[in-house]
Amino acid sequence: LSVAILAQAVAVTLLEEQSFPFFNRPGINPTRHLTTMGMKYCAAYLMAVMGGNESPSTADIQKILESVEAEFDSEIADKLVSELSGKAVHEIIKEGKVKLQSFGG
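Thresholds, definitions, all that
- Residues numbered from 1 in each chain as written.
- Predicted model: local features only at pLDDT ≥ 70, side-chain atom pairs only at ≥ 80, totals over all residues.
- Heavy atoms only, no water.
- Helix = DSSP H or I, 4+ residues; strand = E, 2+ residues; numbered from the N terminus.
- Buried < 20%, exposed > 50% of the residue type's maximum accessible area, 1.4 Å probe, protein only.
- Contact = heavy atoms within 4.5 Å.
- Areas by Shrake-Rupley, 256 points an atom, 1.4 Å probe, with all protein chains shown as cover.
- Arc of directions from axis to C-beta.
- Polar contact = N/O pair within 3.5 Å; in protein donor to acceptor, adjacent residues only side chain to side chain.
- Core = buried A, V, L, I, M, F, W, Y, C linked by side-chain atoms within 4.5 Å.
- Salt bridge = Lys/Arg side-chain N within 4 Å of Asp/Glu carboxyl O.
- Phe/Tyr/Trp six-rings, centres within 6.5 Å; stacked < 30°, edge-to-face > 60°.

Enquirer: Teacher, can you tell me more about the overall build of the chain here?
Expert: Looking only at helices and strands, the chain features five helices and zero strands. For the chain, the α and β elements follow one another from N to C terminus as α-α-α-α-α. For the chain, with 105 residues in total, the buried portion stands at 30%. Considering only contacts in the chain between residues 6 or more positions apart, those separated by 24 or more positions represent 55%. Counting every atom, the chain has about 6700 Å² of accessible surface; 54% of that belongs to carbon and sulfur.

Enquirer: Before we go on, may I ask you to explain helix H4 (residues 74–84) in this structure?
Expert: Each α-helix winds once per 3.6 residues, and so residues spaced three or four apart point in a common direction. Listed as buried for H4 are Ile76, Ala77, Leu80, Val81, Glu83 and Leu84. End-on, the buried residues of H4 take up no more than an arc of 165°, which puts them together on one face. Its side-chain oxygen placed 2.9 Å from the backbone nitrogen of Glu75, Asp73 serves as the N-cap of H4.

Enquirer: I'm lost on unusual backbone geometry in this one. Help?
Expert: The general pattern is negative phi for most residues beyond glycine and trans for most peptide bonds. Phi is positive for Glu69, close to 60°, though the residue is something other than glycine. Structurally, Glu69 can be placed in the loop between helix H3 (58–67) and H4.

Enquirer: How should the nonpolar core be read in this particular structure?
Expert: Across soluble globular proteins, nonpolar side chains show a tendency to be buried alongside one another. Within the largest apolar cluster, 15 residues are counted, with the highest numbers of intra-cluster contacts made by Tyr41, Tyr45, Ile61, Leu65, Leu80, Leu84 and Val89. Within the residue set of this core, elements represented by two or more residues are helix H2 (30–50), H3, H4 and helix H5 (89–101). Sequence-distant contacts of Val89, that is, excluding residues within four places in its chain, are made with Tyr45, Leu46 and Val49.

Enquirer: What exactly am I supposed to notice about the pattern of salt bridges here?
Expert: Pairing between side chains of opposite charge can happen when their charged atoms approach one another. Tallied over the entire structure, the rule returns one salt bridge. Here Glu83 ties to Lys79 by a salt bridge, and the two come within 3.3 Å at their closest N and O atoms. With Glu83 and Lys79 both in helix H4 and four residues apart, this pair spans about one turn of that helix. In this structure Glu83 comes out as buried when scored by relative accessible area, which is 12%.

Enquirer: Looking at this structure, how should I read the packing of aromatic side chains?
Expert: The geometry of two aromatic rings is summed up by the distance between their centres and the angle between their planes. All chains considered together, the criterion is met by one aromatic pair. Ring centres of Tyr41 and Phe72 lie 6.1 Å apart, and the angle between their planes is 45°; on these two criteria the pair is classed as tilted. With a gap of 31 residues between them, Tyr41 in helix H2 and Phe72 in the loop between H3 and H4 connect regions that are remote in the sequence. Using a relative accessible area of 22% as the deciding quantity, one classes Phe72 as partly exposed.

Enquirer: Would you explain H3 in this entry?
Expert: Considered for burial, the residues of H3 that qualify are Thr58, Ile61 and Leu65. The arc enclosing the buried residues of H3, seen along the axis, measures out at 65°, which places them on a common side. Exposed side of H3, more than 90 degrees from the buried face: Lys63 and Ser67 are the residues found there.

Set out below in structure tokens:
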């Protein structure tokens, strides 16, 4: 759940900033695409944090993803790292959980 919350928070931030014009093309659902694609980057980021690295770099994410032979896009990883720079992951997850409560269910 934490990975999903982090991925959604980052996706919403990227969409608000229109950081990836590619996703503004007709026929592309940017929220779904960014969340799905960003999930592996957020998971790798969280794995690095759980491993003791409080501020993972793009290279750290790349190393984790390539260790499982996953595709890697440095632009996405760079954006994730820049968005999370100076922020505590547990605080982002906490804020995300509060936002999810408003959805009900």
